[in-house]
Amino acid sequence: MSSSKFHFRVTEQVWPLDKPFRIARGTRTEARVIVVDANDGEHAGHAEAVPSKRYGETIESTIAQLKQIFSTEETFDRQQLQQLLPAGAARNALDCALWDVEAKVSGKRAWELANIQIANAVETAFTISLDTPEIMAVAAKANANAPILKLKLGGDNLDLPRIEAVRQEAPAARLIVDANESWSPSHYRNIVSALPRLGVELIEQPFPADADDVLETLDHPVPVCADESCHTTADLPRLVNRYEVINVKLDKTGGLTEALRLTQSARQNGFKILIGCMACTSLGIAPARLLASSADYIDLDGPLLLAGDRHHPLSYEAGKVGLPSRELWG
């Protein structure tokens, strides 16, 4: 579908978080997102993206990228868009808005257009913000019935006590840990052998993306997942001997179109798949939800971190996330 008749609009929105959310790189109290609207006069599509400071993006730079495309490109489709914009938040919002329009024009759901077998509800992780072991234990107790807990870790000597404290309060939950690039090789060696007995199933991005070659020399008693190290299909070749799992986020891939390619190629290369997200509303999660039906791990809890969500939100019940309604997206 070409965009020849489209009128585009991009806006910034701020969504307060339910409570401050902390990772190794810092603390946030709100989700700042951009929303792209694509309107052909008859059908309107919408999508959301979250610019990331970690990847050199700001709300302002992302909006500027989009406005340049809107003013210089008269017609383009989703495939051409992959060359017009680099992978990132700007392309994500525009790509997913075009998917939404296609679904509305065709009368089909986006997963039908993508030829995806969809599951009505899938289990998602719930993320526990980085804090002291005692505070993280309180959060774990409050969410002890969640099927999967994802713990943010900091690369300091409290990481193991954090996991132990959470495990004590949530004995039945599956556990994933996410270091957000904060570990050193010595910290990894000191901590990793204790993780299997605590039931940790996955270590997400222990090392900085530009220093993850050390993973080729370390033991992996727990599978390791690439997040900051993996954006698009082009990243896969150098990850093969370093990671067992990749985290697919639409804000990194630059939309659903590339995310579909990445997941297929990752499978062919023997990787397992984690579908992840930023702190965002249900509109940001909806396109990623299409990929969750066949994923090994699902971390689509962004809206659960917010103080409020959009109209027609995704349903989150008993640790499972449902399908987006037509009114929301796709």
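Quick look at the structure, then. (Residues numbered from 1 in each chain as written. Predicted model: local features only at pLDDT ≥ 70, side-chain atom pairs only at ≥ 80, totals over all residues. Heavy atoms only, no water.)

1. Side note on the layout of surface pockets
In this model, the largest pocket occupies a volume close to 860 Å³. Taken together, 35 residues form the lining of the largest pocket, with R28, P51, S52, K53 and M278 sitting closest to its centre. Of all the secondary structure elements, the ones that give two or more residues to the lining of the largest pocket are β1 (7-23), β2 (26-39), α1 (59-72) and β6 (148-152). Element by element, the count of residues in the lining of the largest pocket is highest for β2, at six residues. When the residues that make up the lining of the largest pocket are grouped by side-chain class, the tally is 11 nonpolar, seven polar and 17 charged. Estimates place the volume of the second largest pocket at around 360 Å³. Taken together, 18 residues form the lining of the second largest pocket, with K19, P20, T127, S129 and A139 sitting closest to its centre. (1 Å grid on protein atoms, 1.4 Å probe; cavity = no way out; pocket = protein on both sides within 12 Å on 5 of 7 lines; lining within 4 Å. Points joined across faces, edges and corners; volume = space filled by probe spheres on them. Helix = DSSP H or I, 4+ residues; strand = E, 2+ residues; numbered from the N terminus. Nonpolar A, V, L, I, M, F, W, Y, C, P; charged D, E, K, R; others polar.)

2. Focus on the nonpolar core
Side chains that are nonpolar tend, in soluble globular proteins, to be buried together. One finds L149, I246 and W329 to be the most contacted residues of the largest nonpolar core, which totals 101 residues. Residue contributions to this core peak at nine residues, all from helix α3 (residues 89-106). Discounting residues that sit within four places of it in the chain, I246 has contacts with C225, A226, C230, L236, L239, L262, A266, F271, K272, I273 and L274. (Core = buried A, V, L, I, M, F, W, Y, C linked by side-chain atoms within 4.5 Å. Buried < 20%, exposed > 50% of the residue type's maximum accessible area, 1.4 Å probe, protein only. Contact = heavy atoms within 4.5 Å.)

3. Digging into the packing of aromatic side chains
To describe a pair of aromatic rings, you give the distance between the ring centres and the angle between the ring planes. Inspection of every chain in the model, using the stated rule, returns five aromatic pairs. Plain terms: the ring middles of W183 and Y188 are 6.2 Å apart, the flat faces sit at 65° to each other, and that makes the pair edge-to-face. Assigned by exposure class, W183 and Y188 land together as buried. Centre to centre, the rings of Y188 and F207 are 5.5 Å apart; their planes meet at 40°, and the pair counts as tilted. With a gap of 19 residues between them, Y188 in helix α7 (residues 185-192) and F207 in the loop between β8 (200-204) and β9 (224-226) connect regions that are remote in the sequence. Members of the aromatic cluster, each reached through a chain of ring pairs, are F6, F8, F70 and F76. (Phe/Tyr/Trp six-rings, centres within 6.5 Å; stacked < 30°, edge-to-face > 60°.)

4. Describing the state of the cysteines
By the definition in use, this model includes zero disulfides. The closest cysteine sulfur to the non-disulfide-bonded C277 is located on C280, 5.1 Å from its own sulfur. Taking relative accessible area as the criterion, C277 reaches 14% and is therefore assigned buried. (Disulfide = S-S within 2.5 Å.)

5. Points about unusual backbone geometry
One non-glycine residue, N180, adopts positive backbone phi at about 45°. Mapped onto the elements, N180 comes out in the loop between β7 (174-178) and α7.

6. Looking at the pattern of salt bridges
Within the structure shown, the criterion is met by 25 salt bridges. A salt bridge links K150 to D299; the shortest N-O distance between them is 2.7 Å. Of this pair, K150 sits in strand β6 while D299 sits in the loop between β12 (297-298) and β13 (316-317), and the two are 149 residues apart along the sequence. Owing to a relative accessible area of 2%, K150 belongs among the buried residues under this scheme. As a salt-bridge pair, R242 and D212 come within 2.7 Å of each other at their nearest N and O atoms. Highlighted residues: R242 in the loop between α8 (236-239) and β10 (245-248) and D212 in the loop between β8 and β9, separated in sequence by 30 residues. For the pair R242 and D212, one class covers both residues: buried. A single network of salt bridges, built from pairs that share partners, joins K150, K152, D178, E204 and D299. (Salt bridge = Lys/Arg side-chain N within 4 Å of Asp/Glu carboxyl O.)

7. Some details on the sheet that holds β13
Read from one edge of the open sheet, three strands run β4-β14-β13, paired in antiparallel fashion. Where the open sheet ends on each side, the last strands, each with one partner, are β4 (122-123) and β13. In the sheet, β13 pairs with strand β14 (residues 320-321) via two bridges, with the strands oriented antiparallel. Bridge pairing links E317 to K320 in β14. (Pairing = 2+ DSSP bridges.)

8. Some points on empty space enclosed by the protein
Inspection of every chain in the model, using the stated rule, returns one cavity of 30 Å³ or more. Here the largest cavity is characterised by a volume of approximately 90 Å³. In terms of lining residues, the largest cavity is bounded by 14 residues, among which D251, C277, M278, C280 and G284 are the most central. Secondary-structure elements contributing two or more residues to the lining of the largest cavity are β3 (44-49), α9 (250-253) and α11 (282-289).

9. Topic: the sheet that holds β7
Sheet architecture is open: eight strands sit in the order β5-β6-β7-β8-β9-β10-β11-β12, paired in parallel fashion. Edge strands, defined here as strands with exactly one partner in the open sheet, are β5 (125-128) and β12. As paired strands, β6 and β7 are joined by five bridges and run parallel to one another. Bridge pairing links L149 to L175 in β7.

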